[in-house]
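# A look at the structure
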Amino acid sequence: MARFILLGRKDRDTVAGPSCIIPGCSLVPIERMTGVFILGTEVLDDPAHALHRAYLSLLPELDAEDPSFPAAAMPAEA
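Residues numbered from 1 in each chain as written. Predicted model: local features only at pLDDT ≥ 70, side-chain atom pairs only at ≥ 80, totals over all residues. Heavy atoms only, no water.

This paragraph deals with the pairing of strand β1 (residues 3-8). The pairing of β1 with strand β6 (residues 61-63) spans three bridges and is classified as antiparallel. Considered in β6, the bridge of Phe4 is made with Leu62. By the bridge criterion, five bridges tie β1 to strand β5 (residues 36-40) in an arrangement that is antiparallel. Across the sheet, residue Ile5 finds its bridge partner in β5, namely Leu39. (Pairing = 2+ DSSP bridges. Helix = DSSP H or I, 4+ residues; strand = E, 2+ residues; numbered from the N terminus.)

Structural data, given as structure tokens:
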């Protein structure tokens, strides 16, 4: 079962972007609903993101099948 870290906008701003350790790797949290972002928990074991491991490990996690998992963001109207 897929497990995800839940991030707020401030959390997203703190961790998003290229890795300082491994070029070409970056964290790109996905917005699920306004102000709620997710990252797969596998980033906690990825050496490319070791600098953010302690910060991310303190954030809440949810299984994808949990009924309270945030719904996908609605696409913006064109």
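What follows concerns the pattern of salt bridges. Inspection of the entire model under this criterion finds four salt bridges. With a shortest N-O distance of 3.0 Å, Arg3 and Asp63 are connected by a salt bridge. One end of the pair, Arg3, is in strand β1; the other, Asp63, is in strand β6, and 60 residues separate them in sequence. Given the relative accessible area of 33%, Arg3 is considered partly exposed. A salt bridge links Arg9 to Glu31, with the nearest nitrogen and oxygen atoms 3.9 Å apart. With Arg9 in helix α1 (residues 9-15) and Glu31 in strand β4 (residues 30-33), this pair connects stretches of sequence that are 22 residues apart. Residues joined by salt bridges that share partners form a network here, namely Arg3, Glu61 and Asp63. (Salt bridge = Lys/Arg side-chain N within 4 Å of Asp/Glu carboxyl O. Buried < 20%, exposed > 50% of the residue type's maximum accessible area, 1.4 Å probe, protein only.)

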